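Structural overview for review
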Amino acid sequence: MRQVLKGISFNVKKGEAIGLVGKNGCGKSTTLKMLTKIMYPNSGTIEMCGRVSSLIELGAGFHPDMSGRENIYTNASIFGLDKKEIDRRLDDIIAFSELEEFIDNPVRTYSSGMYMRLAFSVAINVDADILLIDEILGVGDANFQAKCFNKLREIKAQGTTIVIVSHSLGQIEQICERSIWIKDGLIEMEGKPQEV
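These remarks concern the structure in this document. (Residues numbered from 1 in each chain as written. Predicted model: local features only at pLDDT ≥ 70, side-chain atom pairs only at ≥ 80, totals over all residues. Heavy atoms only, no water.)

**Brief notes about the packing of aromatic side chains**
The line we're drawing: Each aromatic pair joins two rings of Phe, Tyr and Trp (for Trp, the six-membered one) with centres within 6.5 Å, and gets the label stacked for planes under 30 degrees apart, edge-to-face for over 60, and tilted for any other angle. Under the scheme used here, helices are H or I runs from DSSP no shorter than 4 residues and strands are E runs no shorter than 2 residues, and both carry numbers assigned from the N terminus. Think of it in three bands: residues with accessible area under 20% of the maximum for their type are buried, residues over 50% are exposed, and the middle band is partly exposed, with areas taken using a 1.4 Å probe on protein chains only. A positively charged side chain is recorded as over a ring if its NZ (Lys) or CZ (Arg) lies within 6 Å of the ring centre. The angle to the ring normal must also be within 35 degrees.
Applying the stated criterion to the full structure yields four aromatic pairs. A ring pair is formed by Phe96 and Phe144, whose centres lie 5.7 Å apart and whose planes are at 65 degrees; its orientation type is edge-to-face. Taken together, the residues Phe96 in helix H3 (residues 83–97) and Phe144 in helix H5 (residues 142–157) connect sequence positions 48 residues apart. The buried category is assigned to Phe96, whose relative accessible area is 12%. Of the aromatic side chains, those joined through ring pairs into one cluster are Phe62, Tyr110 and Tyr115. Above the plane of the ring of Phe144 lies Arg117, whose end atom (NZ or CZ) is 4.2 Å from the centre.

Written out as structure tokens, the structure reads:
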């Protein structure tokens, strides 16, 4: 079995946004999956402080036969919200997603862009201390992508820590103070996004 990561180590400060960059297969998404506890390291430790929200795989946590509305309740509860909290945020989640007319349709009828809208809308409305994002912002139309980036800037300004994996170096430069270049499971370089 191939070892994906080889003892990488990094710290992220509260309120900082960092970008993980590198070629496909280098270990970026594996790192994010370990941060979300979808996967666990064979050795070493991962310490995270606060509520974590993630956009790792499009539609992960969504049940295809349930409506968008029902999936909001399921997905938000996975992030630690109780029913009262979800009730309070439901209208904001639906409004941000721009899926009002489709929200009671089964999500199996949604396009990939609609999935992304719903997933992003839930993830940013759970008041997470840490937001983990894997390539998901490449889905959807340009206007919604811009809206998402504006929302990321807003929640970052409120103190949310963001770790984002992307091949879009422009996105990384716009949102992140620091980038980590992973190459063959090792940290090749760390620093300002423009330099990395």
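That covers the picture; the talk isn't over yet.
**Brief notes about helix H1 (residues 28–35)**
For H1, the tally of buried residues reaches six of eight residues, placing the bulk of the element in the interior. Among the residues of H1, those classed as buried are Lys28, Thr30, Thr31, Leu32, Met34 and Leu35. Immediately beyond the C-terminal end of H1, within one or two residues, lies Lys37, with a positive phi of roughly 70 degrees.

**Describing the pairing of strand S1 (residues 17–21)**
Keep this limit in mind: Strand pairing is defined by DSSP finding a minimum of two bridges between the two strands.
Burial analysis of S1 places five of its five residues in the buried class, the great majority of the element. Every second residue of S1 is oriented toward a common face, with Ala17, Gly19 and Val21 on one face and Ile18 and Leu20 on the other, all of them buried. In terms of strand pairing, S1 meets strand S4 (residues 161–165) through four bridges, oriented parallel. Within S4, the position partnered with Ile18 by the bridge is Val163. By the bridge criterion, four bridges tie S1 to strand S5 (residues 178–183) in an arrangement that is parallel. Opposite Gly19, over in S5, you have Ser179 as the bridge partner.

**Quick look at the side chain of Arg89**
Stated formally: We call two residues contacting when some pair of their heavy atoms lies within 4.5 Å.
When you line up the elements, Arg89 lands in helix H3. Apart from residues lying up to four places away in sequence, Arg89 is in contact with Leu81, Asn125, Val126 and Asp127.

**Digging into H3**
In plain terms, the rule: How far a helix is expected to stretch is found by multiplying one less than its residue total by 1.5 Å. A residue's bend is given by the angle between axes fitted to the 7 residues ending at it and the 7 residues starting at it.
Across its 15 residues, H3 extends 20 Å between first and last C-alpha, which sits within 8% of the 21 Å expected from 1.5 Å per residue. By the largest-angle criterion, Arg89 marks the main kink of H3, which is about 50 degrees. When we look at burial in H3, the residues that qualify are Glu85, Ile86, Arg89, Leu90, Ile93, Ile94, Phe96 and Ser97. As for H3, its buried residues are in contact with helix H2 (68–78), helix H4 (112–123) and H5.

**Here we look at the packing of H3 against H5**
Selection criterion: Helix axes use the C-alpha atoms of the stretch in contact, all axes being lines fitted to C-alpha atoms, and the angles between their N-to-C directions lie in the range 0 to 180 degrees. Oblique is the label for every angle not falling under 35 degrees (roughly parallel), over 145 degrees (roughly antiparallel), or within 65 to 115 degrees (roughly perpendicular). Three categories are distinguished: nonpolar for Ala, Val, Leu, Ile, Met, Phe, Trp, Tyr, Cys and Pro, charged for Asp, Glu, Lys and Arg, and polar for the others, with Gly belonging to the last.
Interhelical geometry of H3 versus H5 gives an angle of 135 degrees and a closest axis separation of 11 Å. It follows from the interaxial angle that H3 and H5 lie oblique. For the pair H3 and H5, the contacting residues are Ala95, Phe96 and Ser97 in the first and Phe144, Lys147, Cys148 and Lys151 in the second. Residues belonging to the contact of H3 with H5 are distributed by class as follows: four nonpolar, one polar and two charged.

**Observations concerning the sheet that holds strand S6 (residues 186–191)**
Strands sit in the order S2-S3-S4-S1-S5-S6 across an open sheet of six strands; the sheet is mixed. The open sheet has two edge strands, strand S2 (52–55) and S6, and neither has a second partner. Adjacent strand axes in the sheet meet at a mean angle of 15 degrees when their direction is disregarded. Together, S2 and strand S3 (130–134) form the strand contacts of H4, whose direction differs from that of S2 by roughly 170 degrees. Here H5 sits on the sheet and contacts S1, S3 and S4; the angle it forms with S3, its principal contact strand, is near 150 degrees.

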